[in-house]
Amino acid sequence: MQYVNLGGTGLRVSRVCLGMMSFGAFEGRPWALGESDAEPIVRRAVEGGITFFDTADVYNGGQSEVLTGRLLSKLLSREEMVVATKVHGRTMPGENGGGLGRKHIMASIDASLGRLGMDHVDLYQIHRWDDRTPIEETMQALHDVVRAGKALYIGASSMHAWQFAKAQHVAAANGWTRFVSMQNHYNLVYREEEREMIPQCIDQGVALLPWSPLARGLLAGNRTREGARLTKRAETDPFGDSLYTPDVDFAVVDRVAAVAGARGVAPAQAALAWVIGRPGVTAPIVGATKLAHLEDALAAEELELTPDEVAALEEPYVPHAVSGHS
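These numbers were taken from a predicted model, which means no experiment stands behind them.

Considerations on the packing of helix 9 (residues 246-263) against helix 10 (residues 267-276)
Reasoning step 1: Packing of helix 9 against helix 10 brings their axes to within 8 Å, and their N-to-C directions diverge by 105 degrees. When the axis of helix 9 is compared with that of helix 10, the two are roughly perpendicular. On the side of helix 9, the interface is formed by Val256, Ala257 and Ala260, while helix 10 contributes Pro267, Ala270 and Ala271.
Reasoning step 2: Considered class by class, the residues forming the contact of helix 9 with helix 10 number six nonpolar, no polar and no charged.

Structural notes on helix 1 (residues 35-47)
Reasoning step 1: If you check helix 1, its first and last C-alpha atoms are 18 Å apart, about what 13 residues at 1.5 Å a residue would give, namely 18 Å.
Reasoning step 2: Those residues of helix 1 that sit buried are Ala38, Glu39, Ile41, Val42, Ala45 and Val46.
Reasoning step 3: Buried residues in helix 1 make contact with strand 3 (17-19), strand 4 (52-54), helix 2 (63-75) and helix 11 (291-302).
Reasoning step 4: Glycine 49 lies just past helix 1 and shows a positive phi near 100 degrees.

So, the sheet that holds strand 6 (residues 121-126)
Reasoning step 1: Strand order in the open sheet formed by eight strands is 9-8-7-6-5-4-3-10, with parallel pairing between adjacent strands. Sheet topology places strand 9 (207-208) and strand 10 (285-286) at the edges, where each strand pairs with a single neighbour.
Reasoning step 2: Of the strand pairs in this sheet, strand 7 (residues 151-157) and strand 8 (residues 179-183) are connected by four bridges, and their pairing is parallel. Within strand 8, the position partnered with alanine 156 by the bridge is methionine 182.
Reasoning step 3: In the packing of helix 3 (residues 102-116) onto the sheet, contacts are made with strand 5 (82-87) and strand 6, and the angle to strand 6 comes to roughly 140 degrees.

Focus on the packing of aromatic side chains
Geometrically, a pair of aromatic rings is defined through the distance of the ring centres and the angle of the planes.
Reasoning step 1: Under the definition given, this model contains three aromatic pairs.
Reasoning step 2: One residue, arginine 191, lies across the ring of tyrosine 317, its end atom 5.1 Å from the ring centre.

A closer look at the pattern of salt bridges
Reasoning step 1: Across all of its chains, the model carries 15 salt bridges by this definition.
Reasoning step 2: The partner of aspartate 54 in a salt bridge is lysine 86, with the nearest N and O atoms 2.7 Å apart. Note that aspartate 54 is positioned in strand 4 and lysine 86 in strand 5, a separation of 32 residues in sequence.
Reasoning step 3: Judged by its relative accessible area of 0%, lysine 86 is buried.
Reasoning step 4: Via salt bridges that share partners, Glu35, Glu39, Arg43, Arg70 and Lys74 belong to a single interconnected network.

Regarding the side chain of glutamine 168
Reasoning step 1: For glutamine 168, the position within the fold is in helix 5 (residues 161-174).
Reasoning step 2: Residue classification places glutamine 168 among the buried residues on the basis of a relative accessible area of 5%.
Reasoning step 3: A distance of 2.8 Å separates a polar side-chain atom of glutamine 168 from the backbone nitrogen of phenylalanine 179.
Reasoning step 4: Setting aside residues up to four positions removed in sequence, glutamine 168 forms contacts with Arg178, Phe179 and Val206.

Digging into the environment of glutamate 295
Reasoning step 1: Relative to the helices and strands, glutamate 295 is located in helix 11.
Reasoning step 2: The spacing of glutamate 295 and glycine 34 is 261 residues in sequence and 20 Å in space, taken between C-alpha atoms.

Details of the packing of helix 5 against helix 6 (residues 197-204)
Reasoning step 1: In the contact formed by helix 5 and helix 6, the axes pass within 9 Å of each other and the chain directions differ by 25 degrees. By the criterion of interaxial angle, the relationship of helix 5 to helix 6 is roughly parallel. The two elements helix 5 and helix 6 cross, and the hand of that crossing is right-handed. When helix 5 is examined against helix 6, the residues Ala161, Phe164 and Ala165 are found in contact with a partner set consisting of Met197, Gln200 and Cys201.
Reasoning step 2: In the contact of helix 5 with helix 6, the residues fall into five nonpolar, one polar and no charged.

Observations concerning the pairing of strand 8
Reasoning step 1: A large share of strand 8 lies buried, amounting to five of its five residues.
Reasoning step 2: As defined by bridge partners, strand 8 adjoins strand 9 across two bridges and the pair is classed as parallel. Within strand 9, the position partnered with methionine 182 by the bridge is leucine 208.
Reasoning step 3: Once you follow strand 8 into helix 6 and on to strand 9, the crossover reads as right-handed.

Some words on the state of the cysteines
Reasoning step 1: What the rule picks out here adds up to zero disulfides.
Reasoning step 2: Between cysteine 17, a free cysteine, and cysteine 201, which holds the nearest cysteine sulfur, the sulfur-to-sulfur gap is 16 Å.
Reasoning step 3: The exposure class assigned to cysteine 201 is buried, which follows from its relative accessible area of 1%.

Reading the values: the criteria
- Residues numbered from 1 in each chain as written.
- Predicted model: local features only at pLDDT ≥ 70, side-chain atom pairs only at ≥ 80, totals over all residues.
- Heavy atoms only, no water.
- Axes fitted to C-alpha atoms, helices over the stretch in contact; angles between N-to-C directions.
- Helix = DSSP H or I, 4+ residues; strand = E, 2+ residues; numbered from the N terminus.
- Parallel < 35°, antiparallel > 145°, perpendicular 65-115°, else oblique.
- Contact = heavy atoms within 4.5 Å.
- Nonpolar A, V, L, I, M, F, W, Y, C, P; charged D, E, K, R; others polar.
- Expected span 1.5 Å × (residues − 1).
- Buried < 20%, exposed > 50% of the residue type's maximum accessible area, 1.4 Å probe, protein only.
- Pairing = 2+ DSSP bridges.
- Phe/Tyr/Trp six-rings, centres within 6.5 Å; stacked < 30°, edge-to-face > 60°.
- Lys NZ or Arg CZ within 6 Å of the ring centre and 35° of its normal.
- Salt bridge = Lys/Arg side-chain N within 4 Å of Asp/Glu carboxyl O.
- Polar contact = N/O pair within 3.5 Å; in protein donor to acceptor, adjacent residues only side chain to side chain.
- Left-handed = near helix turned anticlockwise from the far one by under 90°.
- Right-handed = clockwise from strand over helix to strand, strands pointing away.
- Disulfide = S-S within 2.5 Å.

Structure representation (structure tokens):
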């Protein structure tokens, strides 16, 4: 496993980040794993050199954060692990139970730390943009979270490039903490981030942490062109259905399978290796509900694609409407 700095910071992270959304039994996600099933996967991730873990307060009713803290405490010291979580979604009752207002941010960081069993997180991310709250209020509240020692760094997730630029400008103009990372929607079937967000982040030294690097399993073969759903997650993932366009995306899926087959690796390995090798990418966030998923991610980190393989993988892409911002 290779390790790199998180953007322009001195924080070292593994080149693969384990997404913890798959962990924490929850009725809304029948594919999510309980503690006994999750532990072997997290243990193997640590054995493979992964030290970077991403969760969110909305994942599985908070159970993802609970299991993240519980499992990691068995396997790593606090100094060895890098833990990221997020705020924005509705997690509390009432008018202020969601969003990026000061009241919700301050309540949410304390609630997340309580579930994680930690006194701070390494990276605290806004999960989405909040149109109802002035960005000045959000950035000052996040700055105060950092000043209080409850987060070391702050990051953002999917939004328009102009919104991200505005947030960074507001922080810089007021001497507040700036975002060091962008968790964006990016994979072989959704490359719209290459137009503005990725160049902006590269220019500003902001780390890219792509989510859904396998397109919710589409690039790993969890759906067929004829519409068959081959995994429990594929059968019960309406958000994934909203992100992609099967009529055009399966040309990319077929090309991934062809390139992977010629190389003698699993399609997931080829698709992940492509993401890891893209300019500006620090660490894709990889989910796993089986040990085989984790093994593919570890193998992808060591797989170097040739220029011809990269060109072949990219050739079938067609432009998409913006997706993943809500």
